[in-house]
Amino acid sequence: MSTVPTLNGQVIGQAHYATRALLEQATAPLGVDFTQVVALNVLANGPVEPAPLTQRITSTLKVDEPEVQRVLATLVEANLAQVDHDADAPRLRLTDAGHTVQARIADAVADISARLYAGIPTDEASAAARALTLVTQRANAELAATRVRGPVGQK
């Protein structure tokens, strides 16, 4: 008889890293890494000014701004994104090649999700989503507080 694991960071992390590994395996032939995938997905919604784009990626992935700037530069160098100077402020947008790669990423995500979430009852999936959303909100609040007062345990 198997026991149900306790919901904790280890269980959540294992699910995240296993799923991420599948995504990275699917996107490797496209020549993009996980951080680039996140940036391409944000850009798929339309052109974005660099500052809000950087903030969104740093807050989502918990990486620093120089790392995001490096990733965005690699997308421009690979002709997957370009700076659009036609607007009031410069915006980064997907190129045609970027749209093609991002569409293939979206297909891979849909395929992986269909396989991994198949057969999970809707009420259980909803409960898990609510719990994980709450955990994320609490962790983000603690991270924001540590930026103001310093790491937990420091005075």
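Up top is the structure these notes are about.
Per-chain numbering applies: the sequence of each chain, read as written, is numbered from 1 onward. Owing to the predicted nature of the model, reporting of local features is limited to residues with pLDDT of at least 70; listing and counting of side-chain atom pairs is limited to 80 or more, with chain, interface and lining totals taken over all residues. Values reported for side chains reflect all heavy atoms of the structure, with hydrogen atoms and water molecules removed beforehand.

1. Thoughts on the nonpolar core
Argument step 1. Take the buried Ala, Val, Leu, Ile, Met, Phe, Trp, Tyr and Cys residues and link them wherever side-chain atoms come within 4.5 Å; each set so joined is a nonpolar core. We call a residue buried when its accessible area falls under 20% of the maximum for its residue type, exposed when it is over 50%, and partly exposed in between, using a 1.4 Å probe and counting protein chains only. Counting 24 residues, the largest nonpolar core has Val-32, Leu-40, Leu-53 and Leu-72 as the members making the most contacts within it.
Argument step 2. The set of elements that each furnish at least two residues to this core consists of helix H2 (34-43), helix H3 (50-61), helix H4 (65-77), strand S2 (91-94) and helix H5 (96-117).
Argument step 3. A run of H or I in DSSP becomes a helix once it reaches four residues, and a run of E becomes a strand once it reaches two; helices and strands are each numbered from the N terminus. The element best represented in this core is H2, accounting for seven residues.
Argument step 4. By the convention used here, residues are in contact when the closest approach between their heavy atoms is within 4.5 Å. For Leu-53, the residues in contact, after removing those within four places along its chain, are Val-42, Leu-43, Val-48, Leu-72 and Leu-92.

2. Structural notes on the pattern of salt bridges
Opposite charge on two side chains makes pairing possible when the charged atoms of those side chains draw close.
Argument step 1. Salt bridges are defined by distance alone: a side-chain nitrogen of Lys or Arg within 4 Å of a carboxyl oxygen of Asp or Glu. In the structure shown here, the tally under the stated rule is four salt bridges.
Argument step 2. Notably, a salt bridge pairs Arg-20 with Glu-24, separated by 3.0 Å at the nearest N-O pair. One end of the pair is Arg-20 and the other is Glu-24, both in helix H1 (residues 9-27) and four residues apart, which spans about a single turn.
Argument step 3. Here Arg-20 falls in the partly exposed class, since its relative accessible area comes to 24%.

3. Re the packing of H2 against H4
For any two helices packed against each other, one specifies the crossing angle of their axes together with the interaxial distance.
Argument step 1. Note on geometry: axes are lines fitted to C-alpha atoms, helical ones only across the stretch in contact, with angles between N-to-C directions running from 0 to 180 degrees. Look at H2 against H4: their axes get within 10 Å of each other, and the N-to-C directions meet at 75°. As judged from the angle between their axes, H2 and H4 are roughly perpendicular. Together, Thr-35, Gln-36, Ala-39 and Leu-40 of H2 and Val-71, Leu-72, Thr-74 and Leu-75 of H4 make up the contact between the two elements.
Argument step 2. Only Asp, Glu, Lys and Arg are considered charged, only Ala, Val, Leu, Ile, Met, Phe, Trp, Tyr, Cys and Pro nonpolar, and every remaining residue, Gly among them, polar. Of the residues that constitute the contact of H2 with H4, the class distribution is five nonpolar, three polar and no charged. By definition in this entry, angles of less than 35 degrees are roughly parallel, angles greater than 145 are roughly antiparallel, angles of 65 to 115 are roughly perpendicular, and the rest are oblique.

4. Here we look at H3
Argument step 1. Given the number of residues in a helix, its expected span is that number minus one, multiplied by 1.5 Å. An ideal rise of 1.5 Å per residue puts 16 Å on 12 residues; H3 measures up with 16 Å between its terminal C-alpha atoms.
Argument step 2. All of the buried residues along H3 are Leu-53, Thr-54, Ile-57 and Thr-58. Buried residues of H3 fall within an arc of 125° about the axis and therefore sit on the same side.
Argument step 3. Against H2, H4 and S2 lie the buried residues of H3.
Argument step 4. One or two residues past the end of H3 sits Lys-62, with phi positive at roughly 60°. Arc definition: directions from the helix axis to the C-beta atoms.

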